[in-house]
Amino acid sequence: MSTTSGFRPIRVLVTKIGLDGHDRGSRIVAAYLRDAGMEVIYTPPWQTVAGVVKLATEEDVEVIGISSLATDHLIVPKMMTALRAAGLDHVRVIVGGIVPDEEKTALIEAGVSNVFGPGAARDEIVACVTSLGQDARHARINEFLEANP
Amino acid sequence: MTHTAIQLPLPGFEQAQGEWRADYSKQMAGEQPVRNRSGIEVQPLYSPRDWSSERYLDDLGFPGQFPYTRGVYPSMHRGRTWTQRQLIGLGTPADYNKRVLRIIDAGANAISLLPCCSGFRGIDCDEVDPELLGTCGTVVNTTDHMDDALAGVPLGKISTAMNDPSPFTLLAFTLGVARRRGVDWSQVTGTSNQSDYISHFIANHQFYRLSLPGSRRMLLDHIEFCRRHVPNWNPVSVVGQHMQQAGATPAETMGFTLSTAIQYAEDCIARGMDIDDVLRRFTFFFDISISFFEEVAKFRAGRRIWARIARDRLGAKDPACWRFKFHGQTSGVDLTQQQPLNNIARVSVQAMAGILSGLQSLHTDAYDEAIACPSEETARVAVATQNILREEARLCDVIDPLGGSYYVERLTDQMEAEIEAVIAKIDAAGGMYKAAEAGLVQTMIGDSALAFQEQVESGDRKIIGVNCYQVDQDLTVPPAERPDPDAMNRHVERFKAFKQERSQEAVARALDALARAANSKDENVFEKVVDATEAGVTHGEIVSSLRRELGFGHPLIVA
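Please read these numbers as outputs of a predicted model, since none were measured by experiment.

Criteria and cut-off values
- Residues numbered from 1 in each chain as written.
- Chains lettered and ligands numbered in written order.
- Predicted model: local features only at pLDDT ≥ 70, side-chain atom pairs only at ≥ 80, totals over all residues.
- Helix = DSSP H or I, 4+ residues; strand = E, 2+ residues; numbered from the N terminus.
- Rg over C-alpha atoms; globule rule 2.2 N^0.38 Å.
- Buried ≥ 20, exposed ≤ 12 C-beta atoms within 10 Å, placed from the backbone.
- Contact = placed C-beta atoms within 7 Å.
- Nonpolar A, V, L, I, M, F, W, Y, C, P; charged D, E, K, R; others polar.
- Pairing = 2+ DSSP bridges.
- Right-handed = clockwise from strand over helix to strand, strands pointing away.
- Axes fitted to C-alpha atoms, helices over the stretch in contact; angles between N-to-C directions.
- Expected span 1.5 Å × (residues − 1).
- Core = buried A, V, L, I, M, F, W, Y, C linked by C-beta atoms within 7 Å.
- pLDDT = per-residue confidence, 0-100.
- Left-handed = near helix turned anticlockwise from the far one by under 90°.

## Details of the overall build of chain B
In step 1: When you go through chain B residue by residue, the secondary structure sums to 22 helices and 11 strands.
In step 2: Over its C-alpha atoms chain B spans a radius of gyration of 24 Å, differing by no more than 12% from the 24 Å that the globule rule assigns to 559 residues.
In step 3: Expressed as lengths along the three principal axes of its C-alpha atoms, the size of chain B is roughly 85 × 60 × 45 Å.
In step 4: Sorting the 559 residues of chain B into buried and exposed places 50% on the buried side.
In step 5: Restricting to contacts in chain B with at least 6 residues of sequence separation, those with at least 24 account for 78%.

## Brief notes about the overall build of chain A
In step 1: Per the secondary structure count, chain A includes five helices and five strands.
In step 2: When the helices and strands of chain A are placed in sequence order, the string is β-α-β-α-β-α-β-α-β-α.
In step 3: For a compact globule of 149 residues, the expected C-alpha radius of gyration is about 15 Å, and chain A comes in at 15 Å, within 12% of that figure.
In step 4: Projected onto its principal axes, the C-alpha coordinates of chain A cover approximately 45 × 30 × 25 Å.

## Brief notes about the interface of chain B and chain A
In step 1: Taken residue by residue, the interface counts 33 residues in chain B and 29 residues in chain A.
In step 2: Mapped by element, the contributors of at least two residues to the side of chain B that touches chain A are helix H5 (117-120) and helix H18 (440-458) of chain B.
In step 3: Ranked by the residues each element gives to the side of chain B that touches chain A, the list is headed by H18 of chain B, at four residues.
In step 4: Counted by class, the side of chain B that touches chain A contains 18 nonpolar, 11 polar and four charged residues.

## Regarding the pairing of strand E8 (residues 236-239) of chain B
Residues and elements named next belong to chain B.
In step 1: Here E8 shows no split at all, with Val236 and Val238 on one side and Ser237 and Val239 on the other all buried.
In step 2: Where E8 and strand E9 (residues 282-288) come together, four bridges link them in parallel fashion. Bridge pairing links Val236 to Phe282 in E9.

## Quick word on the sheet that holds strand E6 (residues 190-193) of chain B
Neighbouring strands of a sheet are bound in pairs by backbone hydrogen bonds; such pairs are parallel or else antiparallel.
In step 1: Here we have four strands laid out as an open sheet, ordered E4-E5-E6-E7 (chain B), and parallel in their pairing. On the outer flanks of this sheet lie strand E4 (110-113) and strand E7 (233-234) of chain B, each paired with one strand and no other.

## A short note on the environment of Asp50 of chain B
Residue and element names in this part refer to chain B.
In step 1: Tracing the backbone through its elements, the reader meets Asp50 in the loop between strand E2 (41-42) and helix H2 (56-60).
In step 2: Note on Asp50: 16 C-beta atoms within 10 Å, which makes it partly exposed.
In step 3: Considering only alpha carbons, one finds Asp50 and Glu501, 451 residues apart in sequence, at a separation of 71 Å.

## Notes on the pairing of E6 of chain B
Residues and elements named next belong to chain B.
In step 1: Direction of pairing for strand E5 (residues 159-163) relative to E6: parallel, over a ladder of four bridges. Across the sheet, Met162 pairs through a bridge with Ser192, a residue of E6.
In step 2: The parallel pair E5 and E6 is bridged by helix H7 (residues 169-180), and the resulting crossover is right-handed.
In step 3: Where E6 and E7 come together, two bridges link them in parallel fashion. The residue of E7 that forms the bridge with Thr191 is Asn234.

## Let's talk about the sheet that holds strand E4 (residues 92-97) of chain A
All names here are of chain A.
In step 1: Taken in spatial order, the five strands line up as E2-E1-E3-E4-E5 in an open sheet, and their pairing is parallel. The sheet is open, and its two borders are formed by strand E2 (39-42) and strand E5 (114-116), each paired with just one other strand. Strand after strand, the sheet turns through a mean of 20° between neighbouring axes, direction not considered.
In step 2: The pairing of strand E1 (residues 11-15) with strand E3 (residues 63-68) spans four bridges and is parallel. Considered in E3, the bridge of Val14 is made with Gly65.

## Quick word on H18 of chain B
Residue and element names in this part refer to chain B.
In step 1: The end-to-end C-alpha distance of H18 is 27 Å, a good match for the 27 Å that 19 residues give at a rise of 1.5 Å each.
In step 2: All of the buried residues in H18 are Val441, Gln442, Met444, Ile445, Gly446, Ser448 and Ala449.
In step 3: In the stretch just after H18, Gly459 is the one whose phi turns positive, near 85°.

## Side note on the nonpolar core
In step 1: If you look at the biggest cluster of nonpolar residues, it comprises 178 residues, and the most contacted ones within it are Val12 and Val63 of chain A.
In step 2: Once you skip the residues sitting within four places of it in the chain, Val63 of chain A turns out to touch Ile10, Val12, Val91, Arg92, Ile94, Val129, Leu132, Gly133 and Ala136 of chain A.

## With respect to the environment of Ile275 of chain B
Residue and element names in this part refer to chain B.
In step 1: Structurally, Ile275 is set in helix H12 (residues 275-279).
In step 2: Along the chain, Ile275 and Ala310 lie 35 residues apart, while their C-alpha atoms are 9.2 Å from each other.
In step 3: Not counting the four nearest positions on each side in its chain, Ile275 is found in contact with Ala265, Cys268, Ile269, Leu314, Gly315 and Ala316.

## Describing unusual backbone geometry
All names here are of chain B.
In step 1: Going from Phe66 to Pro67, the amide bond is cis rather than trans, its omega being 0°.
In step 2: For the bond from Ser166 to Pro167, the omega torsion is 10°, close enough to zero to count as cis.
In step 3: Counting through the fold element by element, Pro167 comes out in the loop between E5 and H7.
In step 4: Unusually for a residue other than glycine, Tyr469 sits at a positive phi of about 50°.

## Quick notes on the confidence of the model for chain A
In step 1: When pLDDT is averaged along chain A, the result is 91; 95% of the residues meet or exceed 70.
In step 2: For residues 1-5 of chain A, every residue scores under 50 in pLDDT, and the model assigns this stretch one contact once sequence neighbours within four places are set aside.

## Re the environment of Asp472 of chain B
In step 1: The topology assignment puts Asp472 of chain B in the loop between H18 and helix H19 (485-501).
In step 2: For Asp472 of chain B, a count of 4 C-beta atoms within 10 Å corresponds to the exposed category.

## Let's talk about helix H14 (residues 342-356) of chain B
Residues and elements named next belong to chain B.
In step 1: Here H14 contains 15 residues, and its C-alpha end-to-end distance of 22 Å stays within 8% of the 21 Å for a straight helix at 1.5 Å per residue.
In step 2: By the burial criterion, the buried members of H14 are Asn343, Arg346, Val347, Gln350, Ala351, Ala353, Gly354, Ile355 and Leu356.
In step 3: Tucked into the core, H14 has its buried residues touching E9, helix H13 (292-313), strand E10 (326-330), strand E11 (361-363) and helix H15 (376-392).
In step 4: Two residues or fewer after H14 comes Gly358, characterised by a positive phi angle close to 80°.

## Side note on the packing of helix H20 (residues 504-519) of chain B against helix H22 (residues 539-550) of chain B
All names here are of chain B.
In step 1: Contact pair H20 / H22: the axes reach a minimum separation of 9 Å and the direction vectors enclose 35°. Helix-helix and strand crossings are classified by hand; for H20 and H22 the assignment is right-handed. Facing H20, whose interface residues are Leu511, Leu514, Ala515, Ala518 and Asn519, H22 presents Glu541, Ile542, Ser545, Leu546, Glu549 and Leu550.
In step 2: When grouped by side-chain class, the residues that make up the contact of H20 with H22 number seven nonpolar, two polar and two charged.

Put into C-alpha cells, the structure is as follows:
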C-alpha cells in the first residue's frame with residue numbers, strides 16, 4: 001500500500017444486481033457521491049453477483065452501493081457471501097431503494113452496513129458513505145498489519 | 001403554434017387591467033417569477049388578452065373534430081368513460097389467474113399482464129435466482145403458461161394489454177391460446193404495451209432486449225404481421241411515461257414521444273406500408289404528474305400537434321389516424337414514502353388532470369406504490385378513486401371542461417410551442433432513432449432530472465413530508481407480498497419437464513427458421529416467433545436466438 005493511499009478519494013461502486021433496470025435513483029446517488037469528491041465506478045443495471053465481486057476487486061473500492069427498486073435486494077445476502085469468499089471482508093456495502101422492514105433485518109444480518117429508503121437526504125447518504133469508506137480503509141490497514149506483524 | 005392575442009374592443013379593459021396590476025404589485029413587491037416544470041413562466045392572472053375565442057375553430061374545434069384539442073371523440077366520457085386498466089402481475093400463472101378472474105367478476109372489461117422481470121431480461125424461469133422469480137410479475141415462458149394465466153378469461157371479448165417488449169412473445173403465446181380455444185385472431189383485441197423500443201433504449205432499460213437495429217426490424221415486422229392477421233390489435237404504444245419518469249419535463253416528454261411516433265410512422269412508410277392503415281392503430285401512454293394545469297395543457301397540446309403531424313407531415317387521410325388516443329398512469333415519482341396516506345390526495349389530483357384532459361384509459365397508482373407492490377386493499381382504493389371522480393365528483397358531465405379558460409388555453413399554446421421546439425431539435429439531429437443512438441435525448445433527460453432534484457433539495461420545489469411539513473415518524477416499509485416458494489418451485493420443475501418432453505426436432509426446426517428469417521431481408525421475423533411458440537419454443541430460447549442473430553441490446557446509459 002503506497003503512502004499516499006490514505007489521501008486517495010474514497011472509491012465507490014454504484015451498481016444494480018439482479019433483474020430490475022430502474023436506474024434513476026442509482027444515477028442520482030452516483031452524482032451525489034461524485035460531487036462530494038469521491039471516485040465513483042458506475043455500471044449499468046443487471047450485474048451478476050460474480051461480476052460485482054470481480055469489479056470490486058479490480059477497482060479496489062471501499063464501498064459498494066446496491067440500488068434495488070424492485071426485489072433485487074433479496075440476492076444481496078448471496079453477494080455478501082461471495083465478497084467474503086473473495087477476501088473482500090473490508091468492503092462496506094449499502095443498499096438503497098425499497099426494502100420492506102422485515103427484509104431489511106436479513107440484509108443487516110448478512111453484513112450490509114446501512115439501508116436507505118426513498119427520500120433519504122443527500123447529506124445523510126454522503127456522510128454515511130464517507131464514514132464507511134474510512135472504516136473500510138482502517139479495516140484494510142488492520143488486516144494488513146495482522147498479516148504482516 | 002402560438003399566436004398574438006387578437007385585440008378585441010373591450011372598452012375600459014386597459015384601464016381596469018392597469019389598476020389591478022398596480023394593486024397587485026403593491027402587495028407583491030419583489031415577487032420572484034413562478035415557473036412550471038417545463039420552465040414556462042406562469043403569470044398571476046390571465047385575461048381575454050391572453051387568449052381569444054376568434055381562434056376557436058383553428059386551434060380547438062369541437063370534440064371529434066380536427067385538431068381534436070377538445071377530445072378525440074364527439075361524445076368523449078359522456079358517451080363512454082375511460083377504460084379502467086390496472087396493471088397486475090405476480091407469482092405463477094395460476095396466481096395471476098386467480099386475481100384476474102376476480103377483477104373480471106368485479107366488472108372489468110380490460111385486463112393487463114405484467115410478466116416477471118426475468119422475462120424482461122429475456123431469460124426463462126429455470127435460469128433465474130429463485131428468490132426473484134415472480135416477485136414483480138407473472139412467470140410466463142410458454143403458450144401453456146399463458147393458457148393457465150388466461151384460464152376462464154373470454155379472449156376475444158376482453159381487451160388484453162401486455163407488457164410485451166420486442167420480440168413480442170406474450171402476444172405470440174396469446175395467439176396460440178386463441179387458436180387452441182377456437183377464437184379467431186381477428187377477434188383478439190388489446191395492445192402491445194412496451195413495444196416502443198426507443199423509449200426503452202433511452203429511459204427504461206428494464207425492457208431493452210435486442211440491438212437498436214434489431215429492435216427496429218422486429219417492431220416493423222410486428223406491425224406488419226398484426227395489420228395482416230390481428231387487425232384489432234394495437235401493435236404500437238408510444239410511451240412517454242418512461243421519459244417523464246426518468247426526469248424529462250412534461251413538455252420534453254410530449255416532444256420526445258411525438259418524435260418517436262414520427263420515427264415509427266416514417267419507418268412504416270419506408271417499408272411500403274399504407275400510412276392510413278397503420279396510423280389508426282397507434283396509441284400513446286403517459287405519466288400524469290401532479291403539476292395539474294401543466295399536464296392538462298400537455299395533453300391538449302399533444303392532441304393538436306399529433307393531428308397536424310398525422311395529416312400534414314405524414315399524409316394520413318383517414319381522420320381515425322389523426323386521433324391521439326392515450327392511456328395515462330398517475331405518476332409514482334410524485335408519491336412519497338413519508339406519510340403514505342397523503343398519496344391518495346396526490347393520486348386524486350393526478351387522475352383529475354388525466355380525466356379532464358380526456359384520456360382513453362387510466363391506471364391510478366395505489367398509495368403504497370412508492371414503497372411496495374400494491375396490496376389488494378390499496379389497489380381497491382386506487383380503483384375507488386377513479387369511481388369517486390366519475391360518479392361523485394361527476395367529472396364526466398362536461399367535455400373538456402377546462403377549455404376556454406384564459407390560463408389553460410394560453411398554457412396550451414405555450415406548451416405547444418415548447419413541444420414543437422423539442423420536435424425541431426430532434427428533427428435537426430436526424431430524427432428520434434439517431435438522436436437516441438447519439439445519446440442526445442439521454443443527456444437532456446439527465447439534465448432535467450438533476451435540475452428537478454436540486455429544486456427539491458433547495459426547497460424551491462416543495463414536497464409535503466419530504467422537504468416541508470415533516471412529521472416525526474418511523475419510516476416503515478410494510479411486508480411485501482411474495483409468491484409461495486413451493487408453488488414457484490413446482491412451476492419451474494414442470495417447466496423443466498416440459499422442455500424435456502416436447503419434440504426437440506420441432507424446436508430445432510422452428511429455431512432454425514427463426515434464425516433464417518432474422519438473417520433474410522424479406523421474411524417476417526415475428527411470424528416465425530409465432531410459429532416457434534406453437535412448436536413449444538420458450539420465451540428465453542426465442543430471445544437468445546434473436547440476440548445472436550440481431551444483436552444484444554445494450555442501452556446507452558448516460559450517467
